[in-house]
Amino acid sequence: NAGVTQTPKFRVLKTGQSMTLLCAQDMNHEYMYWYRQDPGMGLRLIHYSVGEGTTAKGEVPDGYNVSRLKKQNFLLGLESAAPSQTSVYFCASNRRAQNTEAFFGQGTRLTVV
Amino acid sequence: KNEVEQSPQNLTAQEGEFITINCSYSVGISALHWLQQHPGGGIVSLFMLSSGKKKHGRLIATINIQEKHSSLHITASHPRDSAVYICAVKGGKETSGSRLTFGEGTQLTVNP
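Residues numbered from 1 in each chain as written. Chains lettered and ligands numbered in written order. Predicted model: local features only at pLDDT ≥ 70, side-chain atom pairs only at ≥ 80, totals over all residues. Heavy atoms only, no water.

1. Let's talk about the interface of chain A and chain B
Next up, step 1: Opposite the 25 residues of chain A that make contact, chain B presents 22 residues.
Next up, step 2: The interface formed by chain A and chain B includes zero salt bridges.
Next up, step 3: In this assembly, chain A and chain B are joined by two residue pairs in polar contact (both at pLDDT 80 or more).
Next up, step 4: Counting only elements with at least two residues in the side of chain A that touches chain B, the list comes to β4 (31-37), β5 (44-51) and β9 (87-94) of chain A.
Next up, step 5: In terms of residue count, the dominant contributor to the side of chain A that touches chain B is β4(A) (four residues). (Contact = heavy atoms within 4.5 Å. Salt bridge = Lys/Arg side-chain N within 4 Å of Asp/Glu carboxyl O. Polar contact = N/O pair within 3.5 Å; in protein donor to acceptor, adjacent residues only side chain to side chain. Helix = DSSP H or I, 4+ residues; strand = E, 2+ residues; numbered from the N terminus.)

2. What to know about the sheet that holds strand β3 (residues 19-25) of chain A
Residue and element names in this part refer to chain A.
Next up, step 1: Strand order in the open sheet made by the four strands is β1-β3-β8-β7, with antiparallel pairing throughout. The open sheet has two free edges, formed respectively by β1 (4-7) and β7 (64-67), since each of these has just one partner strand. The sheet shows a mean angle of 20° between the axes of neighbouring strands, taken without regard to direction.
Next up, step 2: By the bridge criterion, four bridges tie β1 to β3 in an arrangement that is antiparallel. When the bridges of β3 are listed, Val4 appears paired with Gln25. (Pairing = 2+ DSSP bridges. Axes fitted to C-alpha atoms, helices over the stretch in contact; angles between N-to-C directions.)

3. Section: the environment of Gly53(A)
Next up, step 1: In this fold, Gly53(A) is placed in the loop between β5 and β6 (54-57).
Next up, step 2: C-alpha of Gly53(A) to C-alpha of Arg109(A): the two residues are 56 residues apart in sequence and 27 Å apart in space.

4. Here's the deal with the state of the cysteines
Residues and elements named next belong to chain A.
Next up, step 1: Throughout the structure, instances matching the rule amount to two disulfides over all chains.
Next up, step 2: Each sulfur in the disulfide pair Cys23 and Cys91 lies 1.8 Å from the other. Residues Cys23 and Cys91 are joined through a disulfide that is left-handed, its torsion about the S-S bond being -75°. Separated by 68 residues along the polypeptide, Cys23 in strand β3 and Cys91 in strand β9 bring together distant segments of the chain. (Disulfide = S-S within 2.5 Å.)

5. Examining the side chain of Ser49(A)
Residues and elements named next belong to chain A.
Next up, step 1: Examined against the element boundaries, Ser49 turns out to sit in strand β5.
Next up, step 2: Among the residues examined, Ser49 registers a relative accessible area of 1% and is labelled buried.
Next up, step 3: At 2.9 Å, the side chain of Ser49 forms a polar contact with the backbone oxygen of Gly51.
Next up, step 4: Once residues within four sequence positions are removed from consideration, Ser49 is found in contact with Glu30, Tyr31, Met32, Thr54, Thr55, Arg68 and Phe74. (Buried < 20%, exposed > 50% of the residue type's maximum accessible area, 1.4 Å probe, protein only.)

6. A short note on the pairing of strand β8 (residues 73-78) of chain A
Residue and element names in this part refer to chain A.
Next up, step 1: Bridge count for β3 against β8 is six bridges, and the pairing is antiparallel. The residue of β8 that forms the bridge with Ala24 is Asn73.
Next up, step 2: Sheet topology note: the β7/β8 ladder contains four bridges and is antiparallel. What sits directly across from Tyr64, in β8, is Leu78.
Next up, step 3: The antiparallel pairing of β7 with β8 creates a hairpin that spans five residues between the two strands.

Read these as geometric descriptors, not functional statements.
Structure (structure tokens):
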């Protein structure tokens, strides 16, 4: 049982380039999230999804887009990368129920130069 | 002021010591999570609490809803416990897709 899998694990981009981060979960979870983690700050929510075909903005959505075409996959896109988007990105998922355990991916370390 | 505050930010202990990490929050919550993050690794869930106390091996988590405070204790600490420990809370209302609000984390180093 793989849980939550993120690809890629590392990436270096030049300013202005685009890329897509993939999050896949095999637990049939309804809710999925993308967070970024920066030094000295707690994880911050970028975008989230409460089900297939639905997405919503979190705390820091600017510069990112997402899609949830299939229940098991949640994609995070950077259309035109900026150095401020250098961060570690985590995907997470959980069931719809009120209080359930959250499952996290291994993280993607992105550097924008 | 952050909604979730952890203390201390950094903690160094000797192997075998009893360790306490604290988490205070300022909002109404339905659950509190303790998470562990090893260097270069992902984040794993240790506990989810809505009241009282939970124990798993050498780890104990407690929560006081009235005081808006939780503690994570590690008994007989070991170098392999070295990690960042993160407190996160889920709001009291079922909104925003059950999002979590995170503390900044506590970096624990246990020396042999």
